[in-house]
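# Coordinate inspection notes
Read off the chains here:
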Amino acid sequence: MVRAVCFDLMDTVLHDPYREALAAAIRFAAPAMPAEIARHRDPTCWPAFEIGEIDEAEFARRFFREGAEGYSFDIDAFNRVRRAGYRFLPGVREIVASLEGRALRFVASNYPVWVEEVREAFALDALFEGVYSSHHLGVRKPARDFFDRLVSRIGVGAGECLFVDDRAENCDAAAAAGMRAHVFDGTAGLRARLICEGLLGA
């Protein structure tokens, strides 16, 4: 029996504006190919930001590696596009709302401190019984500790949780932790899975 449904947030419940925000934020003095830009990025700064090891200012400062001449990251442009870009994916809010009284609903997301902005802007506390991100848990999916800490916080056994995420690797990790898992690829498939779990009527 499923007692709780745990939803990833970005590209599962809300549109993730990260890519559009990156396009607005990255500055370089001369034309550069995507591979060249990627080569100059610091791959450690985003994961560190997501778990709260560094703050937003340090994320922006470290976005490009030391010595990446001609490259800069405009955090103000990034935030302007990011904040304007969030929106509920079609039909998902209605599905989450329809689970009220049928199952507990939680956000279970990799996301930095910005999750608090989103939480307020989209009244997530009125839609979910709890909001947990890597920022709160101090670890990112697909690490096993993410799911263990999540289950400990929500007080529902792993086997009684359905985890919903748009990334198959995260769903595989949730299943390895004992949860049921559904790879989100649209509302039709999600609704069908919830019907199959006895959470929604056909």
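As shown above, the structure is provided for reference.
Let us look at the structure shown here. Every value quoted in this text rests on a predicted model; they were computed, and no experiment measured them.

The next subject is the layout of surface pockets. Of the pockets and cavities examined, the largest pocket occupies roughly 430 Å³. Contributing to the lining of the largest pocket are 20 residues, with Asp16, Trp46, Glu50, Arg140 and Arg167 lying nearest its centre. When residues of the lining of the largest pocket are traced back to their parent elements, those giving at least two are α1 (18–25), α3 (45–50) and α11 (168–176).

This brings us to the sheet that holds strand β1 (residues 4–7). One open sheet accounts for five strands, arranged β5-β4-β1-β6-β7; its pairing is parallel. At either margin of the open sheet sits one strand with a lone partner, and together these are β5 (130–133) and β7 (180–183). Across the sheet, the mean angle separating the axes of adjacent strands is 20° when strand polarity is ignored. Pairing between β1 and strand β6 (residues 161–165): four bridges, direction parallel.

With that settled, consider the pattern of salt bridges. Evaluation of the coordinates by the stated rule reveals 16 salt bridges. Between Arg83 and Glu117 there is a salt bridge, and its shortest N-O distance comes to 3.0 Å. Of this pair, Arg83 sits in helix α5 (residues 75–85) while Glu117 sits in helix α7 (residues 115–121), placing them 34 residues apart in sequence. Residue Arg83 is classed as partly exposed on the basis of its relative accessible area of 46%. When its relative accessible area of 29% is taken as the criterion, Glu117 is described as partly exposed. Here the salt bridges do not stand alone but share partners, grouping Asp8, Lys141 and Asp165 into one network.

Rules behind the numbers
Residues numbered from 1 in each chain as written. Predicted model: local features only at pLDDT ≥ 70, side-chain atom pairs only at ≥ 80, totals over all residues. Heavy atoms only, no water. 1 Å grid on protein atoms, 1.4 Å probe; cavity = no way out; pocket = protein on both sides within 12 Å on 5 of 7 lines; lining within 4 Å. Points joined across faces, edges and corners; volume = space filled by probe spheres on them. Helix = DSSP H or I, 4+ residues; strand = E, 2+ residues; numbered from the N terminus. Pairing = 2+ DSSP bridges. Axes fitted to C-alpha atoms, helices over the stretch in contact; angles between N-to-C directions. Salt bridge = Lys/Arg side-chain N within 4 Å of Asp/Glu carboxyl O. Buried < 20%, exposed > 50% of the residue type's maximum accessible area, 1.4 Å probe, protein only.

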